[in-house]
Amino acid sequence: MKKNLNWVLAAILICGTSVFTSCEKPNTELPNKVQGKWIVADLDGEACPTSLKSVVTFESATKGYYSISENITMTWEDKTPVEVTFHENGFTAIEEDGIYTSVLTATVNSITDNEMRLTTEWTLTGGTEVLLHEFYNERWVRVTDNFEQAVVGTWEAQVQNGDNPQTWRWEFKADGNYVFSLKNGDNPMQVFEDYMSDYFVDGSLLCTRWKNTAESDEERDWWEIESIQDGTMKWTALRMDEDLTTHTETLVLNKIQ
């Protein structure tokens with residue numbers, strides 16, 4: 001997939017800031033159809049990289065929340081509550097964080113039990129300055145699994161780094177913190193006592209962020225949890241390379257009792 005940098009920035013913000021407020025004529029059927037959890041799958045016919053994805057949950061006809069981690073504006077939203085109002089053919093959305101105001105007007109062109117296709121007009125402003133005004137065709141898919149509780153615990157993956165076998169270990173804690181450890185070959189396991197190491201899971205989306213020291217730059221990683229079953233967890237991610245092409249990564253982890 002090849003896109004210009006403006007598309008990347010717009011995609012990040014489109015994927016991550018679609019949240020909700022009022023419009024004029026209510027739709028009495030759409031709130032029931034969309035109720036539940038959705039994740040952005042495609043933008044303008046292209047698969048959305050995992051690092052640009054958000055999860056949107058319609059809790060009722062008036063309430064919802066969303067989750068997003070992106071590293072341009074350094075947004076970190078873990079199930080942020082939002083207000084929802086529907087209009088005749090879709091919904092209008094607004095979210096303010098004290099710096100930016102994001103307004104999304106969405107027309108729902110089609111919806112099934114598992115997929116929703118939308119035409120969106122999206123405006124991002126900072127103060128009185130219009131930063132972006134974009135139009136997109138989007139596809140959202142329903143999320144039926146929620147791995148937030150199942151991910152808690154210690155998990156290991158065996159990774160081949162060139163000629164060097166490695167063990168990667170994550171201890172995901174219930175309070176949203178985690179500890180990462182690394183073992184190179186036959187060397188002892190090294191535990192990273194990072195200054196900051198946070199994570200969240202919303203549905204199938206797993207986002208992590210960390211800083212080695214207070215002075216370090218913040219780093220982030222993103223995965224989608226494909227499954228957790230019988231002590232085995234499978235991760236997948238669509239990565240965007242520097243030349244804006246994409247590739248898929250997978251990782252299999254086993255739970256440490």
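Look up: the structure comes first, before these words.
Residues numbered from 1 in each chain as written. Predicted model: local features only at pLDDT ≥ 70, side-chain atom pairs only at ≥ 80, totals over all residues. Heavy atoms only, no water.

Participant: Describe the pairing of strand 19 (residues 246-256), with residues and values.
Facilitator: Two strands pair when backbone bridges link them, and strand 11 (residues 153-161) and strand 19 are joined in this way by three bridges, in the antiparallel orientation. Residue pairing across strands places Trp155 opposite Lys255, the latter belonging to strand 19. Remark: five residues form the turn of the hairpin made by strand 18 (residues 232-240) and strand 19, two consecutive strands paired antiparallel; Leu244 in that turn has positive phi of roughly 70 degrees. (Pairing = 2+ DSSP bridges. Helix = DSSP H or I, 4+ residues; strand = E, 2+ residues; numbered from the N terminus.)

Participant: Now, about the pairing of strand 7 (residues 90-96): what can you tell me, with residues and values included?
Facilitator: Of all the seven residues making up strand 7, five are buried; the element is thus mostly covered by neighbouring parts of the structure. Relative to strand 8 (residues 100-111), strand 7 runs antiparallel, the two being bridged by seven bridges. Directly across from Glu95, in strand 8, lies its bridge partner Ser102. What sits between strand 7 and strand 8 in their antiparallel hairpin is a turn of three residues, with Gly98 showing a positive phi close to 95 degrees. (Buried < 20%, exposed > 50% of the residue type's maximum accessible area, 1.4 Å probe, protein only.)

Participant: Summarise the sheet that holds strand 14 (residues 190-192); cite the residues concerned and give the values.
Facilitator: With antiparallel pairing, nine strands are arranged side by side in an open sheet as 14-13-12-11-19-18-17-16-15. Both edges of this open sheet fall to strand 14 and strand 15 (196-202), since each of them pairs with a single strand only. Shown here is a sheet whose adjacent strand axes are inclined to one another by a mean of 30 degrees, direction ignored. Bridge count between strand 13 (residues 178-184) and strand 14: three bridges; the pairing is antiparallel. (Axes fitted to C-alpha atoms, helices over the stretch in contact; angles between N-to-C directions.)

Participant: Describe the side chain of Asp42, naming the residues involved and giving the relevant values.
Facilitator: Of note, Asp42 is situated in strand 1 (residues 36-43). For Asp42, a relative accessible area of 16% translates into the label buried. Within the local environment of Asp42, its side chain forms a polar contact with the side chain of Arg139, the two groups lying 2.7 Å apart. Aside from chain neighbours lying at most four places away, what touches Asp42 is Ala47, Cys48, Asn137, Glu138 and Arg139. (Polar contact = N/O pair within 3.5 Å; in protein donor to acceptor, adjacent residues only side chain to side chain. Contact = heavy atoms within 4.5 Å.)

Participant: Describe the nonpolar core, listing the residues and the values that go with them.
Facilitator: Counting 25 residues, the largest nonpolar core has Val34, Phe58, Phe86, Phe91, Met116, Leu118 and Trp140 as its most contacted members. Elements supplying a minimum of two residues to this core: helix 2 (30-34), strand 1, strand 3 (54-58), strand 4 (63-70), strand 7, strand 8, strand 9 (115-126) and strand 10 (129-142). The next biggest cluster of nonpolar side chains, apart from the first, holds 21 residues, and it includes Tyr178, Leu206, Met233 and Leu253. (Core = buried A, V, L, I, M, F, W, Y, C linked by side-chain atoms within 4.5 Å.)

Participant: Could you give me a rundown of unusual backbone geometry, with the residues and numbers involved?
Facilitator: The phi torsion at Lys79 lies on the positive side, around 55 degrees, for a residue other than glycine. Summarising the element assignment, Lys79 is placed in strand 5 (residues 75-83). Taking the relative accessible area as the measure of exposure, Lys79 reaches 22% and is therefore partly exposed. Positioned with a positive phi, Asp230 is a non-glycine residue whose angle comes to about 55 degrees. When you line up the elements, Asp230 lands in the loop between strand 17 (219-229) and strand 18.

Participant: Before we move on, can you summarise a nonpolar patch on the surface with the specific residues and values?
Facilitator: On the surface, a cluster of nonpolar side chains totalling about 270 Å² of accessible area is made up of Ile99, Tyr100 and Leu131. Here Ile99 lies in the loop between strand 7 and strand 8. (Patch = residues over 30% accessible without salt bridge, like charges linked within 9 Å, V, L, I, M, F, W, Y side chains within 5 Å. Areas by Shrake-Rupley, 256 points an atom, 1.4 Å probe, with all protein chains shown as cover. Salt bridge = Lys/Arg side-chain N within 4 Å of Asp/Glu carboxyl O.)

Participant: Account for the packing of aromatic side chains, naming residues and giving values.
Facilitator: By the definition in use, this model includes 13 aromatic pairs. Aromatic side chains Phe58 and Phe86 sit 5.8 Å apart centroid to centroid with 35 degrees between the ring planes, which places their arrangement in the tilted category. In this pair, Phe58 sits in strand 3 while Phe86 sits in strand 6 (residues 86-87), placing the two residues 28 residues apart along the sequence. Overall, the relative accessible area of 1% leaves Phe58 in the buried class. Owing to a relative accessible area of 4%, Phe86 belongs among the buried residues under this scheme. Ring centres of Phe180 and Phe192 lie 5.8 Å apart, and the angle between their planes is 35 degrees; this geometry places the pair in the tilted category. (Phe/Tyr/Trp six-rings, centres within 6.5 Å; stacked < 30°, edge-to-face > 60°.)

Participant: Can you explain the pattern of salt bridges? Please cite residues and give values.
Facilitator: Under the defined criterion, the tally for this structure stands at 12 salt bridges. Between Asp202 and Lys37 there is a salt bridge, with its nearest N and O atoms 2.7 Å apart. Highlighted residues: Asp202 in strand 15 and Lys37 in strand 1, separated in sequence by 165 residues. What makes Asp202 buried here is its relative accessible area of 0%. For Lys37, a relative accessible area of 10% corresponds to the buried category. Across the pair Asp198 and Arg209 runs a salt bridge whose closest N-O atoms are separated by 3.2 Å. With Asp198 in strand 15 and Arg209 in strand 16 (residues 205-211), this residue pair connects regions lying 11 residues apart in the sequence.

So, to be careful, I would describe these as geometric facts and stop short of saying anything about function.
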